[in-house]
Protein chains: 4
Amino acid sequence: MGLLDAVLARGGVRTIVSDAVFVQAMLDFEAALAAAHAGTGRITGDDARAIAAACHAARYNIAELAVRAADTGTPVVPLVETLRTLVGRETADAVHLGATSQDVVDSAAMVVAKRSLVVILADLRAAAAAAAGLAAEHRSTLMPGRTLLQRAAPVTFGLKAAGWLTALDEADDGLERVSSSRLAVQLGGATGTLAAMWPNGQSVVADVAASLGLSVPVLPWHTDRTRIAELAGVLGEAAGALAKPALDVVLLAQTEVGEVREGVPGRGGSSAIPGKANPVAAVATLACARRAPGLVAELLAAGVHEHERAAGAWHAEWLPMRDLLIAVGSAAAWLRDCLEHLVVDADRMSGNLRGESPADVAEESTVVAACESLVRLALAAHEQRRSGDPA
Amino acid sequence: MGLLDAVLARGGVRTIVSDAVFVQAMLDFEAALAAAHAGTGRITGDDARAIAAACHAARYNIAELAVRAADTGTPVVPLVETLRTLVGRETADAVHLGATSQDVVDSAAMVVAKRSLVVILADLRAAAAAAAGLAAEHRSTLMPGRTLLQRAAPVTFGLKAAGWLTALDEADDGLERVSSSRLAVQLGGATGTLAAMWPNGQSVVADVAASLGLSVPVLPWHTDRTRIAELAGVLGEAAGALAKPALDVVLLAQTEVGEVREGVPGRGGSSAIPGKANPVAAVATLACARRAPGLVAELLAAGVHEHERAAGAWHAEWLPMRDLLIAVGSAAAWLRDCLEHLVVDADRMSGNLRGESPADVAEESTVVAACESLVRLALAAHEQRRSGDPA
Amino acid sequence: MGLLDAVLARGGVRTIVSDAVFVQAMLDFEAALAAAHAGTGRITGDDARAIAAACHAARYNIAELAVRAADTGTPVVPLVETLRTLVGRETADAVHLGATSQDVVDSAAMVVAKRSLVVILADLRAAAAAAAGLAAEHRSTLMPGRTLLQRAAPVTFGLKAAGWLTALDEADDGLERVSSSRLAVQLGGATGTLAAMWPNGQSVVADVAASLGLSVPVLPWHTDRTRIAELAGVLGEAAGALAKPALDVVLLAQTEVGEVREGVPGRGGSSAIPGKANPVAAVATLACARRAPGLVAELLAAGVHEHERAAGAWHAEWLPMRDLLIAVGSAAAWLRDCLEHLVVDADRMSGNLRGESPADVAEESTVVAACESLVRLALAAHEQRRSGDPA
Amino acid sequence: MGLLDAVLARGGVRTIVSDAVFVQAMLDFEAALAAAHAGTGRITGDDARAIAAACHAARYNIAELAVRAADTGTPVVPLVETLRTLVGRETADAVHLGATSQDVVDSAAMVVAKRSLVVILADLRAAAAAAAGLAAEHRSTLMPGRTLLQRAAPVTFGLKAAGWLTALDEADDGLERVSSSRLAVQLGGATGTLAAMWPNGQSVVADVAASLGLSVPVLPWHTDRTRIAELAGVLGEAAGALAKPALDVVLLAQTEVGEVREGVPGRGGSSAIPGKANPVAAVATLACARRAPGLVAELLAAGVHEHERAAGAWHAEWLPMRDLLIAVGSAAAWLRDCLEHLVVDADRMSGNLRGESPADVAEESTVVAACESLVRLALAAHEQRRSGDPA
């Protein structure tokens, strides 16, 4: 584990985007390609089985692949060479048939993104569930509303939590949509024509997609990066939805406000001030989520590719996509932790409310009624989303 | 027209996002709000009609609103004050009932975004139609494929154009989805509780949304900026889809390649070299599209709002959203122009192909067949999209 | 004045970057070029004077230049054509001699940037002076220190203001350095060789630079955009230095903290809550400064230019540079306003300090002594900077 | 070595920013702090020596520090606890005296940045030297100038290389300036007052700075992030200067242009097309440099810190700063490789020049003379820079 990973790469994504998993995903592509070719009779079933048997990441020396990647700019050439050596001379020609390096890297990246989204969605949904719980419990808990950080008309804490919930649900919709429909296999061969598999290209593409659990694209998308852009966009949206509750928690946890605190025992100390209780989970959520705008910009800027393969822009997608998945996953893991352990001080909320302005009971009952009504709507929408959810 | 607007703000968006249209959209909100309140009996029909009669931008001095906006940070306070003056003392209290400044600005911004998307989609679809025409016409026109800008296996120009088409269609899907489902009215009152309209808040929201042609949100979204993030995301995606064909055109139009040129007479000269024919439309498309990543990053970074109204982040959305709509609209208008007038030199493509490597007729016929097959798929998907298109 | 300009384009930059001023700066370049050519005997003094006489922006129709700019992608071609018409046939050939469009636009942009920096620095220095005043006055005013928004060891408000001051001074250094040494004339001709002026290129460059008040570059910098990047960098740095005090003011002005407020009468109201006093200047500072990171990213991403003139990246610099100057200038104007009128509630600071933790007088005297010592250092450094300041 | 490190993290920076080096830098800070306290008599020399003896990264379990970092949000608390355990109970109180976590992390980050800049500058200067060699050798080698990728007035390849050189030199100036004057120690204690070291704070700061080879700041800069912004700015500028030559190489190496190629044997193959020779170094340079704008935006956006320690923004700087150093260092290492092995085809340049337009010998001799003159200027400026170089 890297020195900062527990803070800035929390949750399950870090492992999913690791080199070992990525190499295995590339090998899964090679095995699926061979199986698909065997299905069309292009290679023998024995060759396909031999290839599959050699497609285990543990048999590959990642450091060596890494060094040799510098010769071509991708790790695929040394990976395929090693695979050919492993299967022996008679099967070597059946390896990587009709594919190009970008096919392997792009498809493996989609596999990794798909698995990452499962983890991200799990944490985001747990955070949403915690928000839903807070919304239900505190639907009538009055507190000061605050605009431009100045005291304004009262709200209930439940309505605030319902706002968090709705945003998380909307981010969830985007992630779910991209996961289920936009993460497609990439397979086109040297220049994306599928000519080297003619006339079986389409069926090979469909077979490989099915093996990898990915969608089938209309065309090879080697230089159509709208999928990457859309994935980046929904991750950026999710980062914002995750950061908003964390920002509110940090502000509500201020010493002078004191309306919530994070309730994980033993966390939140300081190297300089022994007794301090920092809202570590909320702070870390904010730190992780802050990566998103710049990383999304990197991915969008890298989305304009020359001709049939980009001279730099393609390579430029690899790190920001990995980092963006990590950052959003980490933010989701931290926010879940934050909201699942949030301690709400309803008395302090009430005290803050009444401290400044003498209570107007009639007005307050209207506020409560209005807030309760909105919370009901948000919870109903949340339930409906969850029940119709394919995941 | 601004000095650079014909280059960097081409198309219809510049007018739609102008101050005059924005002020009118804010007034449309006020009129719709009054009508909705009249519907619930909160104000009289006469008051609502008087308010509607005063809601014409021509009656407002934009420069004066602008100056007075500095006192509160938004132009809504002086706008509402002016409206109250226009309707007279007896109706003044019926104005802006239950609303806050952010309700007005956010709803007007959604109206402007929705109209902008209509224009952007029209140009983007015309560009896609031109790409479809090129794909169909040149489905068998062989040319060199190029990877990392090096000559690689041949493709057809039709397949290249089909790749442009598919990316444009996918960007279209995103813009269409956001336009039809995510551009919602914002109405919540001072702190988003709708308490000032209790118990009629929901029906007032629905009425105002219907009047403005916007969706009804689950909750007021004053501090849930996922809608802004999602709009930014699909605009960023569209920018990439628009830039890709432009980049290919610039590269194919290089003197040494010479496979395409822009065919608009009288355009493309130079102040230093009289006879030059620059691919102005493609260059301008690239220039406009390049704004998108940074502007999307601005919007995502501004998407984390404190409590019930942000202290800065909300204001920070206004200019980048306007600029992003302009930039993507301008890119769409330029690409449409570029592709509708593109002159393809099939002989030069063929010559470039054969210059380096002696022809392998058998291989080429396979390439053509493979490319034709893919072009058919792309065109069929395009037709299907268009036929199911609600616009 | 644009509807949002008093909020988001405050201060003097908006006018300096206007179309009229930019057109005049382009004409100043043409006049300076003619004068320089007259100095080398390339054209006559009469021609140069005739050209200078025609170089007044009021004689040009900006809207018409704008429309015609679409033919070539820049407004320079129609500008030069108009200038040639104005001076008559016999002088027409003496116009724009040896220059290319980019020379005109880049040099004019540098002139505009230089003038903008004067205004930005004036406001930033006034803000720094206000911070210095606060630092001196409150060097011993104890208040709670706050880390992660939690109460921590005490500080003095003077030290906090000294921190603002030092950051503003450091941003000032960067802006001053770029203004005095990096804003250079661009003049190279069609492809940057100065061949069309051989052998007088260098002296013509020096003359034009002197006329325009710009530096002389080692080489024409048409495709070396490090000057733009460096200007962007120091503006981005300044945005952060301006935003930090504003963020602290917003936080200290929270109802629950109440240690400062903005003291401009009649400002800070709300459309929904009559009695509210929002820290409008600080909020607007934050909103303006938030534009910087995305705009800097745009400029850096546009800084990689193909061959002897970029196909899109050059055009892509124009709007973000203009917007960045406006944004930073507006932030400086607002922060100046904020700090010059800041009302400090030392009693509330003291109350907040003692509220939580009983006073430890001995410790507090050490804190005050330590803070005073640091404030002295900051003020001394500030004085030294100002006294050595060339501006 | 990570799978993509030889491509996207080339050169020496990757190791310098590794966890092991960072932990050692944090321990160097603790040892230097103890030595400084011993100098003022605050702790004994024996304690300082015991602390120094325990400050070796090899004695710390990074994975364990990482896990425990989640409790406080930084690895400093477990690091200091471990250090206290290692030195034993009687010396434990002498550890980390008067410091806070941010002091340790910020100072270590500056140490790591300073070392990284040494490596980056070495590679960037070698690339500049290679460009200078090309400029000198080819000062008279005519080739087509190209604007908007269209053939324009001729240039010499030497002038093109001189343009690369000048931009690299200007980026060098920025990196050198920041390295020598802006990388300062951070030491302020819990809230930046130095109160816990009163009255010796300034001398302790100076001692620690001297030990670590860092500058002494006017004030503790815990919430003044202009240093980070300025470092980010010059790295972003350098990325552009590194990318420009790479872009030109990619374009000149196009099959249809063929004026340069990369000359490293055995590099540049393809998994799909055996005979291909891709300009891998230039492509990788572009890929690495493309990270910069988004990462700079991340750092600038994270540069606005609340009160005496930021709630998220501080943590948000760690990864993008590390990534930015890696990216720019990798781009420098690749460009050095590219330019040191660049093979120039002067005959092809000449052929491309004459192919389109019949030679005008008189004009060409002027172009050569003009270009030679500019190249001389650039080389002279380069020599002057190098001779005055403190490094």
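So, a few notes on the structure that sits alongside this text. Since this is a predicted model, take the numbers as computed values, not measurements. (Residues numbered from 1 in each chain as written. Chains lettered and ligands numbered in written order. Predicted model: local features only at pLDDT ≥ 70, side-chain atom pairs only at ≥ 80, totals over all residues. Heavy atoms only, no water.)

1. Quick word on the interface of chain A and chain B
Size of an interface, as often reported, equals the accessible area lost when the parts are brought together.
Turning to step 1, where the next piece is worked out: Listed per partner, the contact involves 70 residues of chain A and 70 residues of chain B.
Turning to step 2, where the next piece is worked out: Interface of chain A and chain B: buried area, both sides summed, is about 5900 Å²; carbon and sulfur atoms make up 70% of it.
Turning to step 3, where the next piece is worked out: In terms of surface lost to chain B, no three residues of chain A exceed Trp198, Leu219 and His307 of chain A, which account for 12% of the buried area on that side.
Turning to step 4, where the next piece is worked out: At the boundary of chain A with chain B, the tally comes to 10 salt bridges.
Turning to step 5, where the next piece is worked out: A salt bridge links glutamate 237 of chain A to arginine 182 of chain B; the nearest nitrogen and oxygen atoms lie 3.4 Å apart.
Turning to step 6, where the next piece is worked out: In this assembly, chain A and chain B are joined by 25 residue pairs in polar contact (both at pLDDT 80 or more).
Turning to step 7, where the next piece is worked out: Those elements that place two or more of their residues in the side of chain A that touches chain B are β1 (142-147), β2 (150-156), α9 (157-181), α11 (226-252), α13 (291-301) and α16 (361-387) of chain A. (Contact = heavy atoms within 4.5 Å. Buried area = accessible area lost by both parts, 1.4 Å probe. Salt bridge = Lys/Arg side-chain N within 4 Å of Asp/Glu carboxyl O. Polar contact = N/O pair within 3.5 Å; in protein donor to acceptor, adjacent residues only side chain to side chain. Helix = DSSP H or I, 4+ residues; strand = E, 2+ residues; numbered from the N terminus.)

2. Structural notes on the relation of the copies chain A and chain B
Comparison of the two chain copies shows a relationship of rotation about an axis with a shift along it.
Turning to step 1, where the next piece is worked out: Once chain A has been moved 0.0 Å along the axis and rotated by 180°, it coincides with chain B to within an RMSD of 0.0 Å. This pairing of chains is accounted for by a two-fold axis. Considering only C-alpha atoms, the part of chain A nearest the rotation axis is glycine 233 of chain A, at 2.3 Å.
Turning to step 2, where the next piece is worked out: Mapped onto chain B, 100% of the interface residues of chain A are again interface residues, and the two copies thus contact each other with one and the same surface. (Least-squares fit on C-alpha atoms with pLDDT ≥ 70 in both.)

3. Some thoughts on the relation of the copies chain C and chain D
Turning to step 1, where the next piece is worked out: With an axial shift of 0.0 Å and an RMSD of 0.0 Å, the rotation relating chain C to chain D amounts to 180°.
Turning to step 2, where the next piece is worked out: The residues that chain C uses at the interface reappear at the interface of chain D in 100% of cases, marking a shared surface.

4. As for the packing of aromatic side chains
Residues and elements named next belong to chain C.
Turning to step 1, where the next piece is worked out: On inspection of all chains with the given rule, the structure shows eight aromatic pairs over all chains.
Turning to step 2, where the next piece is worked out: Here the aromatic rings of phenylalanine 157 and tryptophan 164 are separated by 5.8 Å at their centres, their planes lie at 85°, and the arrangement is edge-to-face.
Turning to step 3, where the next piece is worked out: Its relative accessible area of 0% is what places tryptophan 164 among the buried residues.
Turning to step 4, where the next piece is worked out: Between arginine 10 and the ring centre of tryptophan 334, over which it is positioned, the NZ or CZ distance is 4.0 Å. (Phe/Tyr/Trp six-rings, centres within 6.5 Å; stacked < 30°, edge-to-face > 60°. Buried < 20%, exposed > 50% of the residue type's maximum accessible area, 1.4 Å probe, protein only. Lys NZ or Arg CZ within 6 Å of the ring centre and 35° of its normal.)

5. Overview of unusual backbone geometry
Turning to step 1, where the next piece is worked out: Between tryptophan 198 of chain C and proline 199 of chain C the backbone carries a cis peptide bond, its omega angle lying at 0°.
Turning to step 2, where the next piece is worked out: Structurally, the position occupied by proline 199 of chain C is in the loop between α9 (157-181) and α10 (201-212).
Turning to step 3, where the next piece is worked out: Backbone geometry places histidine 307 of chain D, a non-glycine residue, at a positive phi of 45°.
Turning to step 4, where the next piece is worked out: Overall, the relative accessible area of 2% leaves histidine 307 of chain D in the buried class.

6. Focus: the interface of chain C and chain D
Turning to step 1, where the next piece is worked out: Contacts between chain C and chain D engage 70 residues on the former and 70 residues on the latter.
Turning to step 2, where the next piece is worked out: Among the residues chain C hides against chain D, the three largest losses belong to Trp198, Leu219 and His307 of chain C. Together they make up 12% of the total.
Turning to step 3, where the next piece is worked out: Across the contact surface, chain C and chain D share 10 salt bridges.
Turning to step 4, where the next piece is worked out: Our count for the chain C to chain D interface comes out at 25 residue pairs in polar contact (both at pLDDT 80 or more).
Turning to step 5, where the next piece is worked out: Mapped onto the side of chain C that touches chain D, the elements with two or more residues apiece are β1 (142-147), β2 (150-156), α9, α11 (226-252), α13 (291-301) and α16 (361-387) of chain C.

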